[in-house]
Amino acid sequence: EAGVAQSPRYKIIEKRQSVAFWCNPISGHATLYWYQQILGQGPKLLIQFQNNGVVDDSQLPKDRFSAERLKGVDSTLKIQPAKLEDSAVYLCASSLPMGGDWDRTDTQYFGPGTRLTVL
Amino acid sequence: AQKVTQAQTEISVVEKEDVTLDCVYETRDTTYYLFWYKQPPSGELVFLIRRNSFDEQNEISGRYSWNFQKSTSSFNFTITASQVVDSAVYFCALNSYNTDKLIFGTGTRLQVFP
């Protein structure tokens with residue numbers, strides 16, 4: 001079974017530029033998450049989708065970050081404009097609801113991440 | 001408040017030594033899940049184990065074992081006979097049913113030297 005796919009793996013941009021990351025979850029996984037992991041810290045949730053709807057975006061800096069999952073499968077995360085403090089690894093994860101309903105404590109499976117450097 | 005504390009920032013051992021990674025959690029919920037993930041240098045978070053709050057049985061999987069103790073709010077991870085390939089950052093995480101967010105600790109970097 002293929003895992004969570006992410007691209008690109010690395011990106012270097014200048015501050016104030018825009019950047020987009022792509023994620024394709026494990027086939028059949030309805031829930032998709034984007035995390036930001038700053039060096040030396042644990043991942044922090046940015047946004048959570050259930051199918052193509054947003055469940056939680058309370059920690060997403062909406063003035064510069066946006067995300068979409070239009071067809072309920074793959075997703076893109078965009079930063080516009082980027083700041084120096086956005087330098088981090090952006091991780092995508094997906095989970096499969098147990099049983100008939102979404103179980104908010106389902107195991108999340110992570111992709112390899114995109115390492116963003118903002119100069 | 002939900003919180004996960006991994007007090008050990010970095011541990012270095014020599015191959016074949018046993019090593020225990022500590023994890024202490026805080027939650028007011030009675031229903032919650034605990035996780036361990038491994039993050040090798042490649043960057044991907046690899047799922048290792050998921051444990052619910054009603055199951056305090058210790059678990060062993062090959063060289064890995066986990067000790068869950070609700071009385072001390074701890075979920076420690078032991079690697080027996082460590083190998084160089086075990087070198088990675090290990091994260092403990094908590095997801096409480098009512099909070100619905102996976103909260104990670106700050107991670108413990110394990111270096112296993114040959």
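Heads up: the structure comes first, above all this text.
Residues numbered from 1 in each chain as written. Chains lettered and ligands numbered in written order. Predicted model: local features only at pLDDT ≥ 70, side-chain atom pairs only at ≥ 80, totals over all residues. Heavy atoms only, no water.

Asker: Quick question: what am I supposed to make of unusual backbone geometry here?
Answerer: Among all residues except glycine, the phi angle is most often negative; among peptide bonds, the trans geometry is most common. With an omega of -10 degrees, the peptide bond running from serine 7 of chain A to proline 8 of chain A counts as cis. Along the chain, proline 8 of chain A falls in the loop between strand 1 (5–7) and strand 2 (10–13). At the junction of glutamine 80 of chain A and proline 81 of chain A, the peptide bond is cis and its omega measures out at -5 degrees in the coordinates. Topologically, proline 81 of chain A is positioned in the loop between strand 8 (75–79) and strand 9 (88–95). Of note in this structure, asparagine 51 of chain A is not a glycine but carries a positive phi near 55 degrees. Its place among the elements puts asparagine 51 of chain A in the loop between strand 5 (44–50) and strand 6 (53–56). Backbone geometry places lysine 16 of chain B, a non-glycine residue, at a positive phi of 85 degrees. Relative to the helices and strands, lysine 16 of chain B is located in the loop between strand 2 (10–14) and strand 3 (19–21). A relative accessible area of 69% places lysine 16 of chain B in the exposed class. (Helix = DSSP H or I, 4+ residues; strand = E, 2+ residues; numbered from the N terminus. Buried < 20%, exposed > 50% of the residue type's maximum accessible area, 1.4 Å probe, protein only.)

Asker: Before we go on, may I ask you to explain the interface of chain A and chain B in this structure?
Answerer: Interfaces are often described in size by the accessible area the parts lose on coming together. Tallying the contact residues gives 26 residues for chain A and 21 residues for chain B. Interface area for chain A against chain B, summed over the two sides, is near 1,800 Å², with a carbon-plus-sulfur share of 50%. At the junction of chain A and chain B, the tally comes to one salt bridge. With a shortest N-O distance of 2.5 Å, aspartate 56 of chain A and lysine 101 of chain B are connected by a salt bridge. Contributions of two or more residues to the side of chain A that touches chain B are made by strand 4 (31–37), strand 5, strand 6 and strand 10 (109–110) of chain A. (Contact = heavy atoms within 4.5 Å. Buried area = accessible area lost by both parts, 1.4 Å probe. Salt bridge = Lys/Arg side-chain N within 4 Å of Asp/Glu carboxyl O.)

Asker: Looking at this model, I keep getting lost on the nonpolar core. Mind explaining?
Answerer: Soluble, globular proteins show a tendency: their nonpolar side chains are buried together. Residue and element names in this part refer to chain B. One finds Trp36, Phe77, Tyr90 and Leu110 to be the most contacted residues of the largest nonpolar core, which totals 23 residues. Secondary structure elements with two or more residues in this core: strand 2, strand 3, strand 5 (32–39), strand 8 (64–69), strand 9 (74–79), strand 10 (88–96) and strand 12 (108–113). Broken down by element, the residue count for this core peaks at four residues, all from strand 10. Each residue touching phenylalanine 77, except ones within four places of it in the same chain, is listed here: Val19, Thr20, Leu21, Trp36, Leu48, Tyr64, Ser65, Trp66 and Tyr90. (Core = buried A, V, L, I, M, F, W, Y, C linked by side-chain atoms within 4.5 Å.)

Asker: Please explain the state of the cysteines as it appears in this structure.
Answerer: All names here are of chain B. Inspection of every chain in the model, using the stated rule, returns two disulfides over all chains. Bridging cysteine 23 to cysteine 92, the disulfide has an S-S length of 2.0 Å. Given an S-S torsion of about -65 degrees, the disulfide between cysteine 23 and cysteine 92 has left-handed geometry. Residue cysteine 23 is located in the loop between strand 3 and strand 4 (24–26), and its partner cysteine 92 is located in strand 10; the two are separated by 69 residues in the primary sequence. Since its relative accessible area comes to 0%, cysteine 23 is described here as buried. Given the relative accessible area of 0%, cysteine 92 is considered buried. (Disulfide = S-S within 2.5 Å.)

Asker: Mind showing me how you'd approach the packing of aromatic side chains here?
Answerer: Residue and element names in this part refer to chain B. As enumerated under the stated definition, the model contains 20 aromatic pairs over all chains in all. With a centroid separation of 5.2 Å and 50 degrees between ring planes, the pair formed by tyrosine 25 and tyrosine 32 is classed as tilted. The exposure classification of tyrosine 25 matches that of tyrosine 32, with both residues buried. Look at phenylalanine 91 and phenylalanine 104: their rings are 6.1 Å apart centre to centre, the planes differ by 90 degrees, and that puts the pair in the edge-to-face class. Here phenylalanine 91 is found in strand 10, whereas its partner phenylalanine 104 is found in strand 11 (residues 102–104), with 13 residues between them in sequence. Look at phenylalanine 91 and you get buried, because its relative accessible area is 2%. (Phe/Tyr/Trp six-rings, centres within 6.5 Å; stacked < 30°, edge-to-face > 60°.)

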